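Each chain is listed here by its residues.
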Amino acid sequence: MSTLTATPGQTIGPFFHYALPFDGDRELVAPGTPGAVLLHGTVTDGAGAPLQDALVEIWQADPAGVVPQRTGSMRRDGHTFTGFGRSSTDITGRYTFTTLEPGSVDGGLPFFGVTVFARGLLNRLFTRAYLPLDGAEPDALLTSVGDRAGTLVVERDEHGLRFDVRLQGEGETVFLTYPGHS
Amino acid sequence: MTPQPETQAVIDAEIAATAHAYEQAGVEETQPRVDYAPYRSSLLRHPTKDPHHADPEGIELWAPCFGERDIDPLEADLTIQRGGEPQGEKMLVTGRVVDGDGRPVRRQLVEIWQANAGGRYIHKRDQHPAPLDPSFTGVGRCLTDDDGTYSFTTIKPGPYPWRNHLNAWRPAHIHFSLFGTDFTQRMITQMYFPGDPLFALDPIYQSIVDPKARERLVSTYDHDLSVPEVLMGYRWDIVLTGSHRTPLEEEDHQ
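Keep in mind the model is a prediction, meaning the values are calculated, not measured. (Residues numbered from 1 in each chain as written. Chains lettered and ligands numbered in written order. Predicted model: local features only at pLDDT ≥ 70, side-chain atom pairs only at ≥ 80, totals over all residues. Heavy atoms only, no water.)

## Quick look at the overall build of chain A
Stage number 1. Helix and strand counts for chain A stand at 1 helix and 10 strands.
Stage number 2. Ordered by position from the N terminus, the helices and strands of chain A form the series β-β-β-β-β-β-α-β-β-β-β.
Stage number 3. Over its C-alpha trace chain A gives a radius of gyration of 16 Å, about what one expects of a compact globule, namely 16 Å for 182 residues.
Stage number 4. With the C-alpha coordinates of chain A rotated into their principal frame, the extents come out at 40 × 40 × 40 Å.
Stage number 5. Expressed as a percentage of its 182 residues, the buried residues of chain A come to 59%.
Stage number 6. A separation threshold of at least 6 residues defines the contact pool for chain A, and within that pool the share at least 24 residues apart is 66%.
Stage number 7. Taking the 13 positively charged and 21 negatively charged side chains of chain A as two groups, their mean positions are separated by 6 Å. (Helix = DSSP H or I, 4+ residues; strand = E, 2+ residues; numbered from the N terminus. Rg over C-alpha atoms; globule rule 2.2 N^0.38 Å. Buried < 20%, exposed > 50% of the residue type's maximum accessible area, 1.4 Å probe, protein only. Contact = heavy atoms within 4.5 Å. Lys, Arg positive; Asp, Glu negative; His and termini not counted. Charge placed at Lys NZ, Arg CZ, Asp CG, Glu CD.)

## So, the overall build of chain B
Stage number 1. Per the secondary structure count, chain B includes 4 helices and 12 strands.
Stage number 2. A globule of 254 residues ought to have a C-alpha radius of gyration of about 18 Å, and chain B, at 20 Å, matches this closely.
Stage number 3. Over its C-alpha atoms, taken along the principal directions, chain B stretches across nearly 60 × 50 × 35 Å.
Stage number 4. Out of the 254 residues belonging to chain B, those deemed buried represent 55%.
Stage number 5. Sequence separation of 24 or more characterises 71% of the internal contacts of chain B that already satisfy a separation of 6 or more.
Stage number 6. Of the roughly 11500 Å² of accessible surface on chain B, 56% is carried by carbon and sulfur atoms. (Areas by Shrake-Rupley, 256 points an atom, 1.4 Å probe, with all protein chains shown as cover.)

## A look at the pattern of salt bridges
Pairing between side chains of opposite charge can happen when their charged atoms approach one another.
Stage number 1. Tallying each qualifying case throughout the model produces 27 salt bridges over all chains.
Stage number 2. Two residues, Arg119 of chain A and Asp53 of chain A, come together in a salt bridge whose shortest N-O distance is 2.6 Å. Residue Arg119 of chain A is found in the loop between strand 5 (111-118) and strand 6 (125-130), and its partner Asp53 of chain A is found in the loop between strand 1 (37-44) and strand 2 (54-59); the two are separated by 66 residues along the sequence.
Stage number 3. Here Arg119 of chain A falls in the partly exposed class, since its relative accessible area comes to 25%.
Stage number 4. For Asp53 of chain A, a relative accessible area of 2% corresponds to the buried category.
Stage number 5. Of the charged contacts, one joins Arg107 of chain B and Glu68 of chain B as a salt bridge, the two residues approaching to 2.8 Å between their closest N and O atoms. In this pair, Arg107 of chain B sits in the loop between strand 2 (90-98) and strand 3 (109-114) while Glu68 of chain B sits in the loop between strand 1 (52-53) and strand 2, placing the two residues 39 residues apart along the sequence.
Stage number 6. On the basis of relative accessible area, Glu68 of chain B is assigned to the exposed category, the value being 60%.
Stage number 7. One connected set of salt bridges, linked through shared partners, spans Glu57, Arg75 and Arg86 of chain A together with Glu75, Glu111, Arg141 and Arg186 of chain B. (Salt bridge = Lys/Arg side-chain N within 4 Å of Asp/Glu carboxyl O.)

## Topic: the UniProt feature "domain: Intradiol ring-cleavage dioxygenases" (unreviewed entry) in chain A
Stage number 1. Mapped onto this numbering, the UniProt entry gives "domain: Intradiol ring-cleavage dioxygenases" (unreviewed entry) at residues 31-104 of chain A.
Stage number 2. Along residues 31-104 of chain A, the helical share is 0% and the strand share 34%, with 23 Å between the first and last C-alpha atoms. (UniProt positions renumbered as here; feature names shortened; annotations may be inferred.)

## Here we look at the interface of chain B and chain A
Stage number 1. Each partner contributes to the interface: chain B provides 82 residues, whereas chain A provides 77 residues.
Stage number 2. Of the roughly 7000 Å² buried between chain B and chain A on both sides combined, carbon and sulfur atoms contribute 58%.
Stage number 3. In terms of surface lost to chain A, no three residues of chain B exceed Arg45, Ile59 and Arg69 of chain B, which account for 13% of the buried area on that side.
Stage number 4. Linking chain B to chain A there are 8 salt bridges.
Stage number 5. For Asp53 of chain A, the salt bridge goes to Arg45 of chain B, with nearest N and O atoms at 2.8 Å.
Stage number 6. The tally of links between chain B and chain A comes to 46 residue pairs in polar contact (both at pLDDT 80 or more).
Stage number 7. Of all the secondary structure elements, the ones that give two or more residues to the side of chain B that touches chain A are strand 1, strand 3, strand 4 (139-143), strand 8 (173-178), strand 9 (187-192), helix 2 (203-206) and strand 12 (238-239) of chain B.
Stage number 8. Per element, the largest residue contribution to the side of chain B that touches chain A is 5 residues, and it comes from strand 9 of chain B.
Stage number 9. Looking at the side of chain B that touches chain A, its residues break down into 38 nonpolar, 25 polar and 19 charged. (Buried area = accessible area lost by both parts, 1.4 Å probe. Polar contact = N/O pair within 3.5 Å; in protein donor to acceptor, adjacent residues only side chain to side chain. Nonpolar A, V, L, I, M, F, W, Y, C, P; charged D, E, K, R; others polar.)

## A look at the side chain of Thr177 of chain A
Stage number 1. Positionally, Thr177 of chain A belongs in strand 10 (residues 176-177).
Stage number 2. Not counting chain neighbours up to four residues away, the residues in contact with Thr177 of chain A comprise Pro51, His52, His53 and Ala54 of chain B.

## A few points about the state of the cysteines
Stage number 1. Summed over all chains, the structure comprises 0 disulfides over all chains.
Stage number 2. With no disulfide partner, Cys65 of chain B has as its closest neighbouring cysteine sulfur the one in Cys142 of chain B, 16 Å distant. (Disulfide = S-S within 2.5 Å.)

## Quick notes on the packing of aromatic side chains
Given two aromatic rings, one states the distance between the centres and the angle between the planes to describe the pair.
Stage number 1. Scanning the model with the defined rule gives 21 aromatic pairs over all chains in all.
Stage number 2. Judged by centre distance (5.4 Å) and plane angle (70°), the ring pair of Tyr150 of chain B and Phe176 of chain B falls under edge-to-face. A residue pair is termed long-range when its members are at least 10 positions apart, and Tyr150 of chain B in strand 5 (residues 149-155) and Phe176 of chain B in strand 8 qualify at 26 residues.
Stage number 3. Overall, the relative accessible area of 0% leaves Tyr150 of chain B in the buried class.
Stage number 4. Pairwise contacts between aromatic rings join Phe15 and Tyr18 of chain A together with Tyr121 and Tyr160 of chain B into one cluster.
Stage number 5. Geometry around Phe111 of chain A places Arg128 of chain A over its ring, the cationic atom sitting 4.4 Å from the centre.
Stage number 6. Over the aromatic face of Phe179 of chain B sits the side chain of Arg186 of chain B, whose NZ or CZ is 4.0 Å from the ring centroid. (Phe/Tyr/Trp six-rings, centres within 6.5 Å; stacked < 30°, edge-to-face > 60°. Lys NZ or Arg CZ within 6 Å of the ring centre and 35° of its normal.)

Below, the structure is given as structure tokens:
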């Protein structure tokens with residue numbers, strides 16, 4: 001059990017764009033790499049309006065289900081898959097990643113770990129973006145979420161994999177809290 | 001028709017009402033509320049449903065790795081990035097990043113960004129007429145050492161106006177972005193300076209409704225860190241949410 005109380009979070013604010021983005025932040029693999037897929041979506045607010053000042057991060061296993069423990073996310077060399085990506089949203093609220101589909105880790109359903117930050121959002125939000133189940137049985141988490149589980153599963157579209165994030169209201173994304181939070 | 005901006009008194013009354021209700025409820029909270037109306041930008045940007053409890057699994061039990069390849073050690077000194085000496089009060093900020101059990105978060109990435117001494121960010125949407133400083137970008141990165149310690153040399157940021165309400169000013173702060181040993185420890189926050197008169201007026205700071213919890217974001221002035229005739233020293237330690245790793249696993253990953 002934790003013995004210390006965690007430091008509180010605060011909003012990322014409006015001025016992170018000159019600090020957090022870096023060259024190649026959203027390209028976990030170079031476009032055109034065999035197996036490369038576009039993971040993309042829109043972050044919207046309770047009125048359905050896109051957020052042009054959100055930041056989305058993903059953290060994922062490689063296609064074999066191996067958890068990368070390699071440095072170099074901030075200086076991509078075009079060969080090392082680090083599993084970490086960061087994408088600010090554009091004026092239409094859209095984020096994009098060029099990456100590989102994650103494999104199963106320890107026998108679980110494959111998913112991207114996702115964190116969302118934004119001006120107006122006072123603390124970070126965690127969620128999961130599962131690959132389409134394609135007939136697989138939902139896992140314990142998806143089952144426990146019930147009829148909102150669809151918000152945690154990416155859709156295949158003509159561009160690749162689509163995962164929209166709705167902060168509030170109809171179709172609100174299921175956000176996650178873990179033991180030790182709060 | 002642009003509505004008249006609300007006054008500080010309106011915001012103050014909302015902050016006070018929420019603080020009173022929190023005291024009456026008697027249940028301790030340690031993180032900011034995401035549903036905190038005095039911060040007007042939060043109104044449409046907070047989830048209305050409670051977060052769903054999940055046991056971390058797979059990738060969530062690990063965190064991205066950063067190393068010497070990612071960060072130039074010079075990025076920890078924000079006063080040398082543009083060749084000249086930046087304007088303002090030079091300062092050092094240092095502290096330890098630990099997990100909920102007090103274990104150091106070793107060799108992990110810390111990113112900061114901040115306004116300059118006049119309260120101006122290098123950002124196209126910052127319309128505060130305070131001058132930009134050609135010698136200061138306000139961006140820094142470093143890796144913690146084996147004791148979890150980070151350290152930045154920078155300039156004390158100024159407070160700045162924003163448009164939450166009429167005459168709204170943010171207390172001076174430095175943004176911090178942190179990773180732990182688990183994905184679930186990822187956090188972004190803001191570090192403040194002791195004794196700031198704007199604390200009581202600021203809805204972002206007050207969104208942490210518990211007074212003790214808010215104070216965890218306030219650095220302390222540490223005279224032993226100050227360097228004669230060079231800079232002032234501040235100390236600020238950071239506790240991430242508890243790691244799910246056992247001590248045995250920790251050994252395995254050394």
